[in-house]
Amino acid sequence: MFLRTESFRDFLKFYPVVSTIVAFQIIIWLIVGLVPGLGDWIYTMGVGWNGLISQGEYWRLVTPIFLHSGFGHIIFNSFSLILFAPALEQMLGKIKFLVVYFITGIAANILTYIVEPDPYYLHVGASGAIFGLFGLYLFMVFFEKKLIDPQNARLILIISVIGLVMTFFRSNINVAGHLFGFIAGFALGPVILRNAQPFSPWKNRRKTKNDEFGFDPNRWNKKRYRYKPYLKPIFFGILIILVLLGFISSLF
């Protein structure tokens, strides 16, 4: 479910919405960092700025979702989307996935504006929307168990706890955005998961000529790789190590 084994080409084909979001935010980050003038204008016009929102610049409740403040910020958020968003795109469909992503991201920005009294408070990042996805997954863990297997449910619990703890201990974090994005995703669960189907890796399979007849005459001759049972433990270990390194690096 969260183990990405697709080729780059297949990832683009099977998860076009996630691919577009990740590509768009990376392009925006590159323009902001490498193109003087235009990059400065994009960042200035798009950053979440409470004082300007109060003056009617309401687009700033949406645009911060696509802006990021540094290399670590864009890499961590893009990495999180590539790992955890594809399963939801398949389970919900493209439109519902976009609804969840934007509603949770916008809700995080709206509530950040409400609870932060400082008119000069600035914030950027897709973290509110990403935490919204985790909130939706957590609703599955507790109330829609048929949609997620026990191993992935445990992983979601671990990542959610670590993410929420890091929210309070890391500096320069939009705490309100993380929390309210998470809550918004959880709250959408009863509505958005109606008629959702469990993730199936079999849907992400290229059709061959033999598939048309429903039989592969060479399937018994395929090599069986003994390393496959170790892929998931290795993946989970690397993921947890990366999260912990991110937490440790924020302390220095």
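Residues numbered from 1 in each chain as written. Predicted model: local features only at pLDDT ≥ 70, side-chain atom pairs only at ≥ 80, totals over all residues. Heavy atoms only, no water.

J.: Tell me about the packing of helix α2 (residues 16-34) against helix α5 (residues 71-92), and name the residues and values.
T.: At a minimum axis separation of 9 Å, α2 and α5 run at an interaxial angle of 170 degrees. Relative to α5, the element α2 is oriented roughly antiparallel. Residues Pro16, Val17, Val18, Ile21, Val22, Gln25, Ile26 and Trp29 of α2 lie in contact with α5, whose contacting residues are Phe71, Ile74, Asn77, Ser78, Leu81, Ile82, Ala85, Pro86 and Glu89. When its residues are assigned to classes, the contact of α2 with α5 shows 13 nonpolar, three polar and one charged. (Axes fitted to C-alpha atoms, helices over the stretch in contact; angles between N-to-C directions. Helix = DSSP H or I, 4+ residues; strand = E, 2+ residues; numbered from the N terminus. Parallel < 35°, antiparallel > 145°, perpendicular 65-115°, else oblique. Contact = heavy atoms within 4.5 Å. Nonpolar A, V, L, I, M, F, W, Y, C, P; charged D, E, K, R; others polar.)

J.: Account for helix α3 (residues 38-46), naming residues and giving values.
T.: Here α3 has its buried residues at Gly39, Ile42 and Gly46. Angularly, the buried residues of α3 cover 65 degrees about the axis, an arc narrow enough to put them on a single face. Contacts from the buried residues of α3 go to α2 and β1 (48-49). (Buried < 20%, exposed > 50% of the residue type's maximum accessible area, 1.4 Å probe, protein only. Arc of directions from axis to C-beta.)

J.: Give me the lowdown on the packing of aromatic side chains, citing residues and values where you can.
T.: Scanning the model with the defined rule gives 14 aromatic pairs in all. Where phenylalanine 97 meets tyrosine 101, the ring centres are 6.2 Å apart and the plane angle is 20 degrees; that geometry is what we call stacked. Placement of the pair is phenylalanine 97 and tyrosine 101 together in helix α6 (residues 94-115), with a separation of four residues, close to one helical turn. Of the residues examined, phenylalanine 97 reaches a relative accessible area of 0% and is grouped as buried. Each residue in the set Phe24, Phe66, Phe97, Tyr101 and Phe102 is aromatic and connected to the rest through ring pairs, giving one cluster. (Phe/Tyr/Trp six-rings, centres within 6.5 Å; stacked < 30°, edge-to-face > 60°.)

J.: Can you lay out the pattern of salt bridges for me, pointing to particular residues and giving the numbers?
T.: According to the stated counting rule, one finds three salt bridges in the structure shown. Its salt-bridge partner being glutamate 6, residue arginine 4 comes within 3.0 Å of it at the nearest N-O pair. (Salt bridge = Lys/Arg side-chain N within 4 Å of Asp/Glu carboxyl O.)

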